[in-house]
Structure formats: structure tokens, C-alpha cells
Amino acid sequence: MRIPRIKWNIDTADNILFVPAMLDMHYPLIKYAFYSKDYYPVVMSEEDGITDIGLHYINHDMCYPLSQFVGQMKKTLDSGKYERDRVRLLMPTGGDACRGANYTGALRRAMALAGYGDVPVFTLNVRDHEPEFMMKFDFPMVWRALFGMYYCDILMMLLYQVRPYEKIKGSANRCWAKWIRRLSRDMISGKNLSLLYMHRNFRLICKDFTKIKTDKRVKKQVIGLVGELYVKYCHLGNWDVVDFVEQNGGEIHVNGLSYYAIYYMDTHMVRKHNLEAKGARLLMKLLEMIQKDMIRAMKSYGFFSLPPYMQMKREAAGFVSFNNRNADGWLIGAEAVSYIKHGVEKVFASQPFGCMVNHCAGRGLYPSLTRKLKKGCIVSADVDSSASKLNYYNRLLMLMHGY
């Protein structure tokens, strides 16, 4: 299978694609999936003041991540670094409820109020939601995204497990950065993007992280993080919860993005009886196979991982309702159950204030889950433009040291 080399740059691509910061640990590799003759991706990095900017153009009662998207896009456009007539704004969405159904229209209205109504808003979805505004993608882009997702999953989980115990400060980050550089070369060149190479690299990555000198004589508090996609994977969305836990003497575990990808196909795409659903089933089987291989590699070198998706789903039966499929749906509760069942008995649920999925499929279940499990503790806290960071961090500290 030949994956073409990435050779387009910002001057030769037809469009400049603004990608909102959502996946801190995944975009370093997944960004290469967006490169094509149609798009040159810019993962936006603006942070200062974006909340206040966003709140000028959307109601403060709307979901917190949207204010971040609007503020970041407005500030990046205002910078004047990019040709306005070539810019396209990307709204990552599955095409379902919440971000899928509401954010796109709200973002368009906000950008029109901000003076950028002429800048098109594209969606990244697989359900033909607004087909005229769907981002174009082809097989090489999907294949690169698959490799980027799994490589970043394993690198993220290993980094978070090793960094709190490293004897030489910065050694885990350097190992992570080394592999990002090495794998970036493969993503750009299109070489070594085969399942055999991925199988080999999983083990080489694990082996490299075991070489880092660590001190585990003092057992640290281990916290499992669950929640909506943005607040789970983006430091802007979860108020730097990873750094906060580590600075306060703890270790945090964030589950891989591949679980969400399989969950989405399982709950939305394979339920139909058409050719698209058959293709989704094949892709889902492939993702499950790779995920199992990744987890085997981690466990063979003594690292922790939640069980593969289907096993996690079976173990969550009777604790969560699989009928709640909007956005992150039952996956939030299932991950909390899985953490507690597999030894991570302190779970922190970070959620946007007023997020119906998080409050119904998450917060509404937590007392029931701990009663049924007869162990573990789940503490939830809201992120919002009007919420107190002090209260948020206090709840996290109470979970770490008070239970």
C-alpha cells in the first residue's frame, strides 16, 4: 500500500485550514492527515484572552468549548498572518448532537458578528451532515490519521505513567519528543505506514520508556480522567489538569482517543444496513485489532492500560445504559467503571457546565456507579467561563488527598 509523500506547503495548497486546539497529545502527528492539495492545516495556538473574546459573540450560557473555539479563531484571523480569502474554519464534529448539530451554526453566527461572515466553516463528519460544507478527505488522509491516533495514544499513556517518577527531570518528555520527530518523518514521507511497522514500533516505544530511570519507591496517587472530548484531551478545556495533578504529587491516566473512535462507529455507523455500514464494520474490526496489539505491547513491558474497547463495554453492562449515544454518551460512565474495576479507584470527571451528556450520562450516574461497585470514588467538577478555578482545583485535591 503506497501512501504519497506530503509535499504541499502553505503557498501551494488551495485552502488554509484553521484547526481548533482540541487534542494536545494527538495533533503533533494527526495534523499530517489534513495535508493535501486542498488543505494546509494550521493548528491554532492562540490562548491569551480567547475566552473573553469568544464571549463577545456567543451567549455565556452556551457550552464552554464553543467560547474557546470562537475566541481562538477570531484571534488567529485578527493576527493578519493568513490570506483571509483562503482560510477555512474547521469544526470537528461527528455529525450527531451537541457539537455536531449546534456548534456549526453557532460558530457561523459568531464569526459573522465578529466581521468574518465570509470565511467558510467546514465540518469533519462521516454522516453527510451539510455535505456542501464537508471537508474533503481520501484514503491516504484516513490512513495517516489512523497511524497518528494510535501512535499518539501509546505515547500519551506512557508519558503520563513515567514522567511523575523520572529521576532526571525532562527525560520522559525528551523520549516522547524523540518519537514524535521519528514518526513525523514517516507521516510526511508516507514510508513505514504499515501495520507490521506499527506492531514493531509499539514495542520499541515501550522499550524506550522502560529505559528511563525512575523512582517508584513512593507510590503516588493515581487519578483517572474522564469527560467530554475537549475537556478530556485539551489543556484549555480541562484547565491544565494533567500538570496540576503531577505538580501536586500525583499520576494521571487519560484513556486513548482510539476508544472514542471505536465507540463512535459502534454507536452510530454500524447500526445501518447498507454498504457504508459494512465498510464501517470492517474499519471497526481493524481499529479493535490495532488497539489490542497496542495494549498487549504496553502490558508486556509492565505499563497500565484499560482493557480493549469491547471488553470494557462488556464490563460496563448493568452499570451504564448503552442507549445514551449522543456525543461521548455512555463512554464516559463506562471508562469510570473500568478505571475503578482495574485498580484506579479515584476518578476525576471534568465537564463543561450544563453539558447534557456529561450531566446525564456522567454526573447523574456517579453515585449509582460507586454504590454498585462498592468501591472507588468519582468526583466531578465543571469548567466554564463563570466557574471558579479555585473550586475546581479544590475538588481535585480533595479527591487526591481527602478520600
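Everything below is about the structure printed above this text.
Fair warning: this is a prediction, and the values are worked out from it, not measured in the lab.

Participant: Help me understand the packing of helix 11 (residues 257-269) against helix 13 (residues 309-316), please; the structure alone is not making it clear to me.
Facilitator: For any two helices packed against each other, the geometry is given by the interaxial angle and the distance between the axes. Between helix 11 and helix 13, the shortest axis-to-axis distance is 10 Å and the interhelical angle comes to 70 degrees. By the criterion of interaxial angle, the relationship of helix 11 to helix 13 is roughly perpendicular. Handedness of the helix 11/helix 13 crossing: right-handed. Contacts between helix 11 and helix 13 pair Tyr-259, Ile-262, Tyr-263 and Asp-266 from the former with Tyr-309, Met-310, Met-312 and Lys-313 from the latter. Partitioned by chemical class, the residues of the contact of helix 11 with helix 13 number six nonpolar, no polar and two charged.

Participant: I would appreciate a short explanation of a positive patch on the surface in the present structure.
Facilitator: Residues Arg-181, Arg-182, Arg-185 and Arg-200 make up a contiguous surface patch of positive charge. Among the elements that make up the positive patch, the one with the highest residue count is helix 6 (residues 171-189) (three residues). Tracing the chain through its elements places Arg-185 in helix 6. The exposed category is assigned to Arg-185, whose relative accessible area is 54%.

Participant: Got a minute to help me understand the pattern of salt bridges in this structure?
Facilitator: Once the charged atoms of two side chains with opposite charge are near each other, the side chains can pair. Inspection of the entire model under this criterion finds eleven salt bridges. Between Arg-86 and Glu-83 there is a salt bridge whose closest N-O contact spans 3.0 Å. For Glu-83, a relative accessible area of 45% puts it in the partly exposed group. The shortest N-O distance in the salt bridge between Arg-84 and Asp-118 comes to 2.8 Å. Taken as a pair, Arg-84 in the loop between helix 3 (64-78) and strand 3 (87-92) and Asp-118 in the loop between helix 4 (99-113) and strand 4 (121-124) lie far apart in primary sequence, 34 residues in all. On the basis of relative accessibility, which here comes to 38%, the residue Arg-84 falls in the partly exposed class. Residues joined by salt bridges that share partners form a network here, namely Arg-203, Asp-293 and Arg-296.

Participant: What exactly am I supposed to notice about the packing of helix 13 against helix 14 (residues 329-341) here?
Facilitator: The N-to-C vectors of helix 13 and helix 14 enclose an angle of 90 degrees; their axes lie 9 Å apart at closest approach. Judged on the interaxial angle alone, helix 14 and helix 13 are roughly perpendicular. Counted together, Tyr-309, Met-312, Lys-313, Glu-315 and Ala-316 of helix 13 and Trp-330, Leu-331, Ala-334, Glu-335, Val-337, Ser-338 and Lys-341 of helix 14 form the full contact between these two elements. Of the residues belonging to the contact of helix 13 with helix 14, the class tally is seven nonpolar, one polar and four charged.

Participant: For this particular structure, what's the right way to read the environment of Trp-8?
Facilitator: Among the structural elements, Trp-8 can be located in the segment before strand 1 (15-19). Under the relative-accessibility criterion, Trp-8 is labelled partly exposed at 27%. Sequence separation between Trp-8 and Ile-50 is 42 residues, and the spatial gap between their C-alpha atoms is 30 Å. Each residue touching Trp-8, except ones within four places of it in the same chain, is listed here: Tyr-35, Ser-36, Lys-37 and Tyr-40.

Participant: When you look at the packing of aromatic side chains in this model, what are you seeing that I'm missing?
Facilitator: Two measures describe an aromatic ring pair: the distance that separates the ring centres and the angle between the ring planes. Tallied over the full model, the rule gives 20 aromatic pairs. Judged by centre distance (5.3 Å) and plane angle (85 degrees), the ring pair of Phe-69 and Tyr-230 falls under edge-to-face. Of the two residues, Phe-69 sits in helix 3 while Tyr-230 sits in helix 8 (residues 229-233), which places them 161 residues apart along the sequence. On the basis of relative accessibility, which here comes to 1%, the residue Tyr-230 falls in the buried class. Between Tyr-309 and Trp-330, the ring centres sit 6.1 Å apart and the planes meet at 40 degrees, which makes this aromatic pair tilted. Of the two residues, Tyr-309 sits in helix 13 while Trp-330 sits in helix 14, which places them 21 residues apart along the sequence. There is no split in this pair, since Tyr-309 and Trp-330 are both buried. The structure contains a cluster of three or more aromatic residues connected by ring pairs, namely Tyr-64, Trp-239, Phe-244, Phe-348, Tyr-392 and Tyr-393. Seen from the ring of Tyr-165, Lys-216 lies directly overhead, with NZ or CZ sitting 5.0 Å from the centre. Between the NZ or CZ atom of Lys-220 and the centre of the ring of Tyr-165, over which it lies, the distance is 5.9 Å.

Scoring rules and cut-offs
Residues numbered from 1 in each chain as written. Predicted model: local features only at pLDDT ≥ 70, side-chain atom pairs only at ≥ 80, totals over all residues. Heavy atoms only, no water. Axes fitted to C-alpha atoms, helices over the stretch in contact; angles between N-to-C directions. Helix = DSSP H or I, 4+ residues; strand = E, 2+ residues; numbered from the N terminus. Parallel < 35°, antiparallel > 145°, perpendicular 65-115°, else oblique. Left-handed = near helix turned anticlockwise from the far one by under 90°. Contact = heavy atoms within 4.5 Å. Nonpolar A, V, L, I, M, F, W, Y, C, P; charged D, E, K, R; others polar. Patch = residues over 30% accessible without salt bridge, like charges linked within 9 Å, V, L, I, M, F, W, Y side chains within 5 Å. Areas by Shrake-Rupley, 256 points an atom, 1.4 Å probe, with all protein chains shown as cover. Salt bridge = Lys/Arg side-chain N within 4 Å of Asp/Glu carboxyl O. Lys, Arg positive; Asp, Glu negative; His and termini not counted. Charge placed at Lys NZ, Arg CZ, Asp CG, Glu CD. Buried < 20%, exposed > 50% of the residue type's maximum accessible area, 1.4 Å probe, protein only. Phe/Tyr/Trp six-rings, centres within 6.5 Å; stacked < 30°, edge-to-face > 60°. Lys NZ or Arg CZ within 6 Å of the ring centre and 35° of its normal.

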